[in-house]
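This is what each chain is made of:
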Amino acid sequence: MGPVGVISAFNFPVAVWSWNTALAVVCGNPVIWKPSDKTPLSALACQSLISRAADDTGAPADVSQVVLGGGDVGAALVAHEGVAVVSATGSTAMGRKVAPVVAARFGRAILELGGNNAAIVAPTADLDIALRGIVFSAAGTAGQRCTSLRRLIVHRSIHDELVERIGRAYDSLPIGDPLADGTLVGPLIDGAAYERMQKALAAAGNDGGTVLAGGERALGDEAPEAFYARPAIVAMPRQTDVVRTETFAPILYAVPYDEFDEAIAIHNDVPQGLASSVFTLDLREAERFLSAAGSDCGIANVNIGPSGAEIGGAFGGEKQTGGGRESGSDAWKSYMRRATNTINYSTALPLAQGVQFDID
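Undergrad: With reference to specific residues and values, describe the overall build of the protein chain.
TA: Counting its regular elements, the protein chain contains ten helices and 16 strands. Counting only residues that meet the buried cut, the protein chain has 48% of its 360 residues in that class. Excluding contacts between residues fewer than 6 apart, the proportion of contacts in the protein chain whose partners are at least 24 apart in sequence is 69%. Working note: accessible area of the protein chain is about 17300 Å², and carbon and sulfur atoms make up 55% of it. Computing the positive centroid from 27 side-chain charges and the negative centroid from 39, the protein chain places the two 3 Å apart.

Below you can see the structure in the form of structure tokens.
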């Protein structure tokens, strides 16, 4: 195929997108990887592992290279004619910049963009299972994962009970050093992320939402230069613009519903389409959710929340998530050049339509 550019613009300080690089290398492509300028160390750590693997297998030492820098470095990589494929992971806004530039030079783009993932909780759901899946998906990694759970669509008959239990669970969450055993919630990437979280909570309040738990800064005395925040759950009367917008922070909006058709309509009424879940013991609801009449996301789960562990399958989404796929049984094809070969081993060459002409 030729050189592949991997751009990771998400700011979560673990290289969760390193499999893009590994997959491209396995397919025989040299890779230039530009990580977020806020998280260079994780990329360098992964690059060290790739270099070690290259040494052990006899692959070229520079089969994968990391370039560090800001948006200008990423823009140069995207525009370069020598980069056959650009695999870009980041926000929808980033995708809008990347896609036209790659298309203008007839390059190939694999886009893994924003997610605004939801879980529907039906009245038949096992609430203990739902609670475990919801809290882990919404609060883990401090909401800084493309598969973080951000919207909770709950049947009105169980809404108050479930959100109250989530609030109690949030109060007990271990917040602190992400390298320490047992920590579920680490810091936000920087102060700007914390400010965006606070602005989103204020906007939700203006729309009639009520913060039932969390939202405030944590560990300010112990770690004054870090931005820890307690995961927040916000009861919303309806799905408003702030709910339809992905905020890369631990905010979970809870919206009530009455009929399953209404729940699916609320679920799909966002621009993004990455991961989704339904918690139900009704087989008809589960099958409906997984069908073309249900979730419009690339990933649909039943009785388990979106977690990021779905990378074993074809990982990616629809709509403004970009449509790209990473991992899975056939994702490697995106990093390969497809060619059709026709070989004639005979001494004759019959022509189509019975065409005949003399050869001197």
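Undergrad: Got a sec to walk through the nonpolar core? Specific residues and values, please.
TA: If you look at the biggest cluster of nonpolar residues, it comprises 58 residues, and the most contacted ones within it are V121, I134, L152 and I166. Tallying contributions element by element places helix α5 (residues 127–139) first for this core, with seven residues. Those residues in contact with V121 that sit more than four places away from it in its chain are L127, A130, I134, L152, I153, V154, H155, I158, L162, Y257 and F279. Core analysis: the second largest hydrophobic core is formed by 14 residues, L23, V66, V85 and Y335 among them.

Undergrad: Requested: an account of the packing of helix α9 (residues 260–268) against helix α10 (residues 283–290), with residues and values cited.
TA: Direction vectors running N to C along α9 and α10 enclose 30°, while the axes themselves pass 12 Å from each other. Judged by the angle between their axes, α9 and α10 are roughly parallel. Between α9 and α10 lies a crossing of right-handed hand. Here F260, D261, I264 and H267 of α9 come into contact with α10, specifically with E285, R288 and F289. Split into classes, the residues belonging to the contact of α9 with α10 amount to three nonpolar, one polar and three charged.

Undergrad: I'd like a rundown of the pairing of strand β2 (residues 31–34), residues and numbers included.
TA: For β2 and strand β3 (residues 64–66), the ladder comprises three bridges, and the chain directions are parallel. By the bridge assignment for β3, I32 is matched with Q65. Crossover handedness for the path β2 to helix α2 (residues 40–57) to β3: right-handed.

Undergrad: Describe the side chain of E285, listing the residues and the values that go with them.
TA: Topologically, E285 is positioned in helix α10. Buried charge E285 goes without a salt bridge, the closest partner of opposite sign being R284 at 7.5 Å. At 2.7 Å, the side chain of E285 and the side chain of T280 are in polar contact.

Undergrad: Account for the pattern of salt bridges, naming residues and giving values.
TA: Where charged atoms of side chains with opposite charge meet at close range, the side chains can pair. A full pass over the atoms with the stated rule returns twelve salt bridges. Among the salt bridges present, the one from R156 reaches D258, with a minimum N-O distance of 2.9 Å. Residue R156 is located in helix α6 (residues 156–171), and its partner D258 is located in the loop between β12 (251–257) and α9; the two are separated by 102 residues in the primary sequence. On the basis of relative accessible area, R156 is assigned to the partly exposed category, the value being 46%. For the salt bridge of R244 with D241, the shortest nitrogen-to-oxygen distance reads 3.3 Å. Here the residue R244 and the residue D241 both occupy positions in helix α8 (residues 241–244), the gap between them amounting to three residues, near one helical turn. D241 gets classed as exposed once you look at its relative accessible area, which sits at 59%.

Undergrad: Let's hear about a nonpolar patch on the surface: which residues, and what values?
TA: There is a patch of nonpolar side chains on the surface, built from L349, L351, V355, F357 and I359 and spanning about 550 Å² of accessible area. Mapping L351 onto the fold places it in the segment after β16 (318–319). Exposure remark for L351: the relative accessible area of 38% places this residue in the partly exposed category.

Undergrad: So what's going on with the environment of P250? Which residues, and what values?
TA: In this fold, P250 is placed in the loop between α8 and β12. Between the C-alpha atoms of P250 and G140, which are 110 residues apart in sequence, the distance is 8.1 Å. Apart from residues lying up to four places away in sequence, P250 is in contact with A138, A142, G143, L188, M197, A229, P231 and A232.

Undergrad: Break down the sheet that holds strand β14 (residues 275–279) for me, with residues and values.
TA: Within a sheet, adjacent strands bond to each other through the backbone by hydrogen bonds, running parallel or antiparallel. One open sheet accounts for seven strands, arranged β8-β11-β12-β7-β6-β14-β15; its pairing is mixed. Two strands lie at the open edges of the sheet, namely β8 (210–213) and β15 (299–302), each paired on one side alone. On average, adjacent strands in this sheet sit at an angle of 25° to one another, irrespective of strand direction. Where β8 meets strand β11 (residues 232–235), three bridges bridge the pair, whose relative direction is antiparallel. Residue pairing across strands places A213 opposite I233, the latter belonging to β11.

Undergrad: Can you break down the packing of aromatic side chains residue by residue, with the values?
TA: Overall, the coordinates contain one aromatic pair when judged by the stated rule. Ring plane angle 35° and centroid distance 6.2 Å describe the contact between Y194 and F227, whose orientation is recorded as tilted. Here the residue Y194 occupies a position in helix α7 (residues 191–206), and F227 occupies one in the loop between β9 (217–218) and β10 (228–229), the gap between them amounting to 33 residues. Using a relative accessible area of 23% as the deciding quantity, one classes F227 as partly exposed.

Parameters and conventions
- All residue numbers refer to positions counted from 1 along the written sequence of the respective chain.
- Reporting of local features is limited, given that this is a predicted model, to residues whose pLDDT is at least 70; pairs of side-chain atoms are given and counted only at 80 or more, and all residues count toward the totals for whole chains, interfaces and linings.
- The side-chain values count all of the structure's non-hydrogen atoms but skip hydrogen atoms and water molecules.
- Each helix is a run of DSSP H or I of at least 4 residues and each strand a run of E of at least 2, with the numbering of both proceeding from the N terminus.
- Here's how the labels work: a residue is buried when its accessible area is under 20% of the maximum for its type, exposed when over 50%, partly exposed in between, all with a 1.4 Å probe on protein chains only.
- Any two residues having at least one pair of non-hydrogen atoms within 4.5 Å are treated as being in contact.
- Note on areas: Shrake-Rupley, 1.4 Å probe, and residue coverage restricted to the protein chains presented here.
- In this charge count, Lys and Arg are treated as positive and Asp and Glu as negative; neither His nor the chain ends contribute.
- In this description, the location of a charge corresponds to atom NZ of lysine, CZ of arginine, CG of aspartate or CD of glutamate.
- Grouping buried Ala, Val, Leu, Ile, Met, Phe, Trp, Tyr and Cys residues that are joined through side-chain atoms within 4.5 Å yields what is termed a nonpolar core.
- To obtain an axis, a line is fitted to C-alpha atoms, over the contacting stretch when the element is a helix, and the angle between two such axes runs from 0 to 180 degrees between their N-to-C directions.
- Any angle that falls under 35 degrees is termed roughly parallel, while one over 145 is termed roughly antiparallel, one within 65 to 115 roughly perpendicular, and all others oblique.
- Crossings are classed by handedness, with left-handed meaning an anticlockwise turn of the near helix from the far one by less than a right angle and right-handed meaning a clockwise turn.
- Throughout this entry, Asp, Glu, Lys and Arg are counted as charged residues, while Ala, Val, Leu, Ile, Met, Phe, Trp, Tyr, Cys and Pro are counted as nonpolar. The remaining residues, Gly among them, count as polar.
- At least two DSSP bridges between two strands are required for those strands to pair.
- Here, the term right-handed applies to a crossover whose path from the first strand over the helix to the second runs clockwise when the strands point away from the viewer.
- Salt bridge, as used here: a side-chain nitrogen of Lys or Arg that lies within 4 Å of a carboxyl oxygen of Asp or Glu.
- We call two N or O atoms a polar contact when they sit within 3.5 Å, provided that within protein one can donate a hydrogen and the other can accept it, with sequence-adjacent residues counted only if both atoms are side-chain atoms.
- Each patch groups residues whose relative accessible area exceeds 30% and which form no salt bridge, using 9 Å between like charges and 5 Å between nonpolar side chains of Val, Leu, Ile, Met, Phe, Trp and Tyr.
- By convention, a stacked pair of Phe, Tyr or Trp rings (six-membered ring in the case of Trp) has centres within 6.5 Å and planes under 30 degrees apart, an edge-to-face pair has planes over 60 apart, and any other such pair is tilted.

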